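# Residue-level structure breakdown
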Amino acid sequence: MGLFRSISFRRNTSPAAVSNKHKSKESSVSWCGEKRLLKESQIQDKILKTYVISRLASPANVFRWEANLIGPENCPFENGVFAVSIHIPTKYPFKPPKIVFNTKIFHPNINKKGEISIDILGSQWSPSLRIDLVLLSICLVLSNPVEPFVPGNPAVKVYLQDRNAYEKIARMWTLEYANA
């Protein structure tokens, strides 16, 4: 019995072992995200298809999507077709995607680089959100801008001071850049 008391088991905490364990967790998260994204890319929803046409940029990379957002009715973006790029982190769904407008747009929540400032892509991200629902939410934000607005964005000042002027400029940009 004395023999068994003297044996102790220690976790291998060498740098190589810790690194391999970290890589194993990352690849596991990546694989789960990949599986979920493949499933999400197959979703067919009639209401969603009215406003969002999304696709994998390449079947070889499920972490890169492209989409066209159709401007909602009764807003300055009506009938505009807005191309967006979707970069999905390997830690998805635990980290939000990065969505960028490729089409120039005049909007308080979108800066001149096309980066979107809405809470569900930041502090209010939830793993229960899907890419298609995030894209649909962005379509809703087109017709109803939400705070916090992008600091220093000229569209914010116009939107807050003169709503008619904002809508006129946004419509003009939609006609010029979004094939409306």
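Quantities reported herein were computed from a predicted structural model and do not represent experimental measurements. (Residues numbered from 1 in each chain as written. Predicted model: local features only at pLDDT ≥ 70, side-chain atom pairs only at ≥ 80, totals over all residues. Heavy atoms only, no water.)

## Examining the pairing of strand β2 (residues 61-70)
The element β2 is largely enclosed, with a buried count of seven among its 10 residues. Here strand β1 (residues 52-58) pairs with β2 via six bridges, running antiparallel. Across the sheet, Val-52 pairs through a bridge with Leu-69, a residue of β2. Where β1 folds back on β2, the antiparallel hairpin that results is connected by two residues. Here β2 pairs with strand β3 (residues 81-87) via seven bridges, running antiparallel. (Buried < 20%, exposed > 50% of the residue type's maximum accessible area, 1.4 Å probe, protein only. Helix = DSSP H or I, 4+ residues; strand = E, 2+ residues; numbered from the N terminus. Pairing = 2+ DSSP bridges.)

## Things to note about helix α5 (residues 154-161)
Buried within α5 we find Ala-155, Val-156 and Tyr-159. Within α5, the buried residues cover an arc of 100 degrees as seen down the axis, which keeps them to one side. Exposed residues lying more than 90 degrees from the buried face of α5 are Pro-154, Lys-157 and Gln-161. As for α5, its buried residues are in contact with α6 (163-177). For α5, the capping residue at the N-terminal end is Asn-153, with a side-chain oxygen 2.9 Å from the backbone nitrogen of Ala-155. (Arc of directions from axis to C-beta. Contact = heavy atoms within 4.5 Å. Polar contact = N/O pair within 3.5 Å; in protein donor to acceptor, adjacent residues only side chain to side chain.)

## Side note on the nonpolar core
Grouped together as the largest cluster of nonpolar side chains are 38 residues, with contacts concentrated most on Leu-69, Ile-86, Ile-99, Phe-101, Leu-135 and Ile-138. If you list the elements that add at least two residues to this core, you get β2, β3, β4 (98-101), α4 (131-143), α5 and α6. For this core, the element with the highest residue contribution is α4, accounting for seven residues. (Core = buried A, V, L, I, M, F, W, Y, C linked by side-chain atoms within 4.5 Å.)

## Focus: α6
Relative to the 21 Å expected for 15 residues at 1.5 Å per residue, α6 spans 21 Å between its end C-alpha atoms, a close match to the ideal helical length. Here α6 has its buried residues at Tyr-166, Ala-170 and Thr-174. Projected down its long axis, α6 carries its buried residues within an arc of 65 degrees, all on one side. Within α6, the exposed residues directed more than 90 degrees away from the buried face are Asn-164, Lys-168 and Glu-176. If you follow the buried residues of α6, they end up packed against β3 and α5. Downstream of α6 by one or two residues, Asn-179 has phi in the positive range, about 55 degrees. (Expected span 1.5 Å × (residues − 1).)

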